[in-house]
Structure formats: C-alpha cells, structure tokens
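What follows is each chain in one-letter form.
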Amino acid sequence: GLMWWSIWWVWIVAGFLLAGPVQAQDKKEEKPKPYRFTAFAVNMNSGPKAGMVDIVIERLTTDEERAGLIAAFVEGGQDSLLKALQKVRPRVGFMRTPNSLGYDLQYAYRFVNSDGTSRIVIGTDRPINFWEASRQPRSIDYPFTIIEMRLDTKGEGEGRMAAGTKISRSKDGKTIELENYGISPVALNQIKLQKR
C-alpha cells in the first residue's frame, strides 16, 4: 500500500544522501569494469504495462563526490542537489528503457553486506518514465529519478524505481521526505548481471 511505499522510499533516499555503513563502498573497485544489468520493469499502478530495461554502470560514485552531493543538499536543499548532480562528470552510467535511446545516470553507490549481498542506489537528474514519456511534462519541482537494486552474490535480485520525484527536508530538518509526482512507482523484477 501507500504507507509501505512511503516508508520504503524514505529509506532509499536516506541511502542516497546519508552516511552509509563502514563497509559501504568497495575500495578495490575505484575503476571497475562496466556492469550491465537487465531487468523486467513493471508499472505497479497502471495495469500490465511492462518491458525490459538495461542499466549500465560504468563507474561508481566516489566518496568525495557523494560528500559533495550531501553538502549541496544540506546547504541548499533540492535545488542545490540538482545543480550538483548536473555537474557530475563523467557520468556514472546510463539506462535504456523500451521507449528511449538512453538516459545518463549521475549517481551510483554500492553498499556491500557482510554476506556478499549488495544494494546499489542510483540517481539521475531527470524523471524517467517507461511509458508515454512524451505525454509527461517535465516539472522542475520534481526532477529526480531514484532506483534501488538489492542483489545477491551473483548480481541478481529485485529493485524499485520512483521517477518524477521531489526531495525535501522535513520542517524540523531531521528527516528526508520524498514526494512522487504523477508517475507511478516501477518495480524492477528479475534483475540479472550480464556476463561478458
């Protein structure tokens, strides 16, 4: 239900912006080979709309880049975070959907668990819609797409995506709030790391 989604996305945004566990980023992968994932995307609120997507991670966000994004958000909120994301060079990867040539990704951070499973949080500075993209006006107030993939040791698993998203701080400044704008959440099923 909606409550589950709300709790889940607050956790995802926390992973996007807040300090992670000590073993968060694998230091041995500062210059990793590109990883290509395929997934079966399902629009959870609009019936049987689905399609295959490709997510290619060319590099991981560095700790320095992540610290800069966090500082931008703390200092200037969503607007500053958006500007900081847009300045990320080179991109961290790209994503292809059934109706697009591709979208650049500006953020990819990998959290590794002690059992070898992992969580990858991905962010980009624009709303990515899988269906009827041309009919969805881009709102400067809801500019982000955030993706989370939860993977086993083989690089397989499931994830979620929220497109057309607004990130803000609560009135007391202690928590991060995420508001979805007009684009339904998407489930990423059957995520698989493609072997070369």
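Residues numbered from 1 in each chain as written. Predicted model: local features only at pLDDT ≥ 70, side-chain atom pairs only at ≥ 80, totals over all residues. Heavy atoms only, no water.

1. As for the overall build of the protein
The number of helices and strands found in the protein is 2 helices and 10 strands. Ordered by position from the N terminus, the helices and strands of the protein form the series α-β-β-α-β-β-β-β-β-β-β-β. Burial statistics for the protein: of 196 residues in total, 48% are counted as buried. Long-range pairs, those at least 24 residues apart, make up 64% of the contacts in the protein with a sequence separation of at least 6. For the protein, the exposed area adds up to about 10500 Å²; of that, 53% sits on carbon and sulfur atoms. (Helix = DSSP H or I, 4+ residues; strand = E, 2+ residues; numbered from the N terminus. Buried < 20%, exposed > 50% of the residue type's maximum accessible area, 1.4 Å probe, protein only. Contact = heavy atoms within 4.5 Å. Areas by Shrake-Rupley, 256 points an atom, 1.4 Å probe, with all protein chains shown as cover.)

2. Concerning helix α2 (residues 63-86)
Compared with an ideal rise of 1.5 Å per residue, which puts 24 residues at 34 Å, α2 spans 17 Å between its outermost C-alpha atoms and falls more than 12% short. Remark: the principal bend of α2, roughly 145°, maps to Gly76. When we look at burial in α2, the residues that qualify are Arg66, Leu69, Ala72, Phe73, Gly77, Gln78, Leu81, Leu82, Ala84 and Leu85. (Expected span 1.5 Å × (residues − 1). Bend = angle between axes of the 7 residues up to and from the residue.)

3. Description of the nonpolar core
Counting 23 residues, the largest nonpolar core has Phe37, Ile55, Ile57, Met95, Ile122, Met149 and Leu188 as its most contacted members. Broken down by secondary-structure element, the contributors of at least two residues to this core are β1 (35-43), β2 (50-57), β4 (103-105), β6 (118-124), β7 (144-151), β8 (157-169) and β10 (186-193). (Core = buried A, V, L, I, M, F, W, Y, C linked by side-chain atoms within 4.5 Å.)

4. Remarks on the pattern of salt bridges
Under the definition given, this model contains 6 salt bridges. Across the salt bridge formed by Arg36 and Asp54, the nearest N and O atoms sit 2.7 Å from each other. With Arg36 in strand β1 and Asp54 in strand β2, this pair connects stretches of sequence that are 18 residues apart. With relative accessibility at 16%, the residue Asp54 sits in the buried group. The partner of Glu148 in a salt bridge is Arg119, and the shortest N-O contact between them spans 3.1 Å. Of this pair, Glu148 sits in strand β7 while Arg119 is found in strand β6, placing the two residues 29 residues apart along the sequence. Given the relative accessible area of 0%, Glu148 is considered buried. Here the residues in one salt-bridge network are Glu58, Arg91 and Asp104, joined through shared partners. (Salt bridge = Lys/Arg side-chain N within 4 Å of Asp/Glu carboxyl O.)

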